[in-house]
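Residue strings, one per chain:
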Amino acid sequence: MELLQALNIFVTGIILGSFLNVVGLRLPKNIPFTTSRSACPHCTTPLQERDLIPLFSYLISKGKCRHCQLSISITYPLIELITGFLFLLAYINLGLSLEFAGAILLISLAVVVTVSDINYMLIPNKLLLFFAPSFIIFRTLHPLQPWYDSIYGALAGFGIIFVIIVLSKGGMGAGDMKLLGTLGILLGLKLTLLTLFLATLIGTVVSLTLLSFKVIGRKDPFPFGPSIVMAAVISYLFGFDLLQFYFETFFLGGGETIVSFF
Ligand SMILES: [Zn+2]
C-alpha cells in the first residue's frame, strides 16, 4: 500500500461521494443530476463554482449559504467523508485488485441507497436497473467460484425477503427485496445470507437506539435499505473472516468441519 495512492483514493472517494449524494437526492424526484446545477435548498440560489468543491466549500463557508446565511445540512460533508473512508478501507483490504473495482461499485450503490431511502423511504428502480447489469458484467469478468453462486445469491436475496414480506404483511418493502436480489449477484449465496443477518442486527440496534432517544416514534416507518447496504459492504470486505471467526468461536472442536464446508 502506497501512501500517495491511498490519499488519491481517499480524495476520489470524497469527490465521488459528493456526486453520489446528488444522485440519491435527485434520482427519486427525476431531476437530472448531470445538467442542472446544485442550489441552496432554502433560497434556491444556484451554487457558484467555488461552492462546489466537496468538503472544502462546506468548511470554508462554515456550513452556511453565502446568499441567505441559512445553514446547509451537515449530511453533505458527512456523506462525502464516509464515502472517502469506505474507498480507503476497500483499498487497504483489497489493494488495487479486481475485487477492489467490485467494492467501488458496491460502495457507490450503498451511498445512493442510503441517501435516497433516508430522505424519501424509496430505493429507485432506475438505480437497481443500473447496478444489476453492472454487477452481472463484473461477475462475468471476475466470476465467483463456482460462477453460478451469483445466481444462488440473487435468488436467495430476492426469495427470502419475498417470504418475509408475505409473512409479515409489509415489514419490509419491495425495494428491499430487489436491492438484496441485486446485491446477491455480487456477493454470492453465503455472503448474501450473512448480509441479511447483519442487516437485521444493524436495523434492530439502530431503530431501538432512535426509538429510545425519541428521534423516531413507535409507528414511524423505518427505512431498512441503509442497514442492508451497510451489511453488504461489511460482508464484502470482511465476510469470510467473520464467518470463520464465528464458527471457530462457537463451534470449537466441530468447527473445523463447518469451516471447511464454508
Ligand atoms: Zn441560501
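In this text the structure is predicted, and so the values were computed from the model without any measurement. (Residues numbered from 1 in each chain as written. Predicted model: local features only at pLDDT ≥ 70, side-chain atom pairs only at ≥ 80, totals over all residues. Heavy atoms only, no water.)

**Brief notes about the nonpolar core**
When a protein is soluble and globular, its nonpolar side chains tend to lie buried together.
Step number 1: Among the nonpolar cores identified, the biggest contains 58 residues, and Leu-109, Ile-161, Leu-179, Leu-183, Ile-228 and Tyr-236 are the most heavily contacted of them.
Step number 2: Elements that contribute at least two residues to this core include exactly helix H1 (3-26), helix H3 (75-94), helix H4 (98-120), helix H5 (125-141), helix H6 (149-168), helix H7 (174-212) and helix H8 (225-250).
Step number 3: Per element, the largest residue contribution to this core is 13 residues, and it comes from H7.
Step number 4: Viewed by domain, this core spans two of them, domain 1 (1-96) and domain 2 (123-262), each represented by three or more residues. (Core = buried A, V, L, I, M, F, W, Y, C linked by side-chain atoms within 4.5 Å. Buried < 20%, exposed > 50% of the residue type's maximum accessible area, 1.4 Å probe, protein only. Helix = DSSP H or I, 4+ residues; strand = E, 2+ residues; numbered from the N terminus. Domains from an automatic or database assignment.)

**Details of the pattern of salt bridges**
Step number 1: With the rule as written, the count across this model stands at two salt bridges.
Step number 2: Salt-bridge contacts for Asp-51 lead to Arg-66; the nearest nitrogen and oxygen are separated by 2.6 Å. Of the two residues, Asp-51 sits in the loop between H1 and helix H2 (56-60) while Arg-66 sits in the loop between H2 and H3, which places them 15 residues apart along the sequence.
Step number 3: Judged by relative accessible area, which is 39%, Arg-66 ranks as partly exposed.
Step number 4: Between Glu-99 and Arg-139 there is a salt bridge, and its shortest N-O distance comes to 3.2 Å. With Glu-99 in helix H4 and Arg-139 in helix H5, this residue pair connects regions lying 40 residues apart in the sequence.
Step number 5: On the basis of relative accessibility, which here comes to 8%, the residue Arg-139 falls in the buried class. (Salt bridge = Lys/Arg side-chain N within 4 Å of Asp/Glu carboxyl O.)

**What about the coordination of the zinc ion?**
Step number 1: Protein-derived coordination of the zinc ion comes from Cys-40 (SG), Cys-43 (SG), Cys-65 (SG) and Cys-68 (SG), at a distance range of 2.3 Å.
Step number 2: Coordination geometry of the zinc ion: the four donor atoms subtend angles of 106 to 115° at the metal centre, consistent with an arrangement described as tetrahedral.
Step number 3: Counting the intervening residues between successive donors of the zinc ion yields the motif C-x2-C-x21-C-x2-C.
Step number 4: Here Cys-68 falls in the partly exposed class, since its relative accessible area comes to 25%. (Donors = N, O, S within 2.8 Å, 3.2 Å for Na, K, Ca; no water. Tetrahedral: all angles 85-135°; square planar, octahedral: opposite > 155°, others 65-115°.)

**Some remarks on the packing of aromatic side chains**
Step number 1: Evaluated as defined, the whole model comprises seven aromatic pairs.
Step number 2: Arranged with centres 5.0 Å apart and planes meeting at 55°, the rings of Phe-10 and Phe-85 form a pair that is tilted. Note that Phe-10 is positioned in helix H1 and Phe-85 in helix H3, a separation of 75 residues in sequence.
Step number 3: You can call Phe-10 buried: its relative accessible area is 18%.
Step number 4: When the ring of Tyr-246 is compared with that of Phe-247, the centres are 5.2 Å apart and the planes differ by 80°; the resulting orientation is edge-to-face.
Step number 5: Overall, Tyr-246 belongs to the partly exposed group, its relative accessible area being 39%. (Phe/Tyr/Trp six-rings, centres within 6.5 Å; stacked < 30°, edge-to-face > 60°.)

**Notes on the environment of Pro-32**
Step number 1: In this structure, Pro-32 sits in the loop between H1 and H2.
Step number 2: By relative accessible area, Pro-32 is classed as partly exposed at 43%.

**Quick notes on a nonpolar patch on the surface**
Step number 1: Together, Leu-89, Met-230, Ile-234, Phe-238 and Leu-242 give the surface a local cluster of nonpolar side chains, amounting to about 360 Å² of exposed area.
Step number 2: Counting residues per element, the nonpolar patch draws most heavily on H8, at four residues.
Step number 3: As for its placement among the helices and strands, Leu-242 is situated in helix H8.
Step number 4: Using a relative accessible area of 32% as the deciding quantity, one classes Leu-242 as partly exposed. (Patch = residues over 30% accessible without salt bridge, like charges linked within 9 Å, V, L, I, M, F, W, Y side chains within 5 Å. Areas by Shrake-Rupley, 256 points an atom, 1.4 Å probe, with all protein chains shown as cover.)

**Thoughts on the packing of H4 against H7**
Step number 1: As a packed pair, H4 and H7 sit with axes 11 Å apart at the nearest point and diverge in direction by 170°. Comparing their axes, H7 and H4 come out roughly antiparallel. On H7, the residues touching Gly-102, Leu-106, Leu-109 and Val-113 of H4 are Leu-179, Leu-183 and Leu-186. (Axes fitted to C-alpha atoms, helices over the stretch in contact; angles between N-to-C directions. Parallel < 35°, antiparallel > 145°, perpendicular 65-115°, else oblique. Contact = heavy atoms within 4.5 Å.)

**A closer look at H3**
Step number 1: The terminal C-alpha atoms of H3, which comprises 20 residues, lie 28 Å apart, in line with the 28 Å expected from a rise of 1.5 Å per residue.
Step number 2: Buried residues in H3 make contact with H1, H2, H4 and H8.
Step number 3: One or two positions beyond H3, positive phi appears at Gly-95, with a value near 70°. (Expected span 1.5 Å × (residues − 1).)

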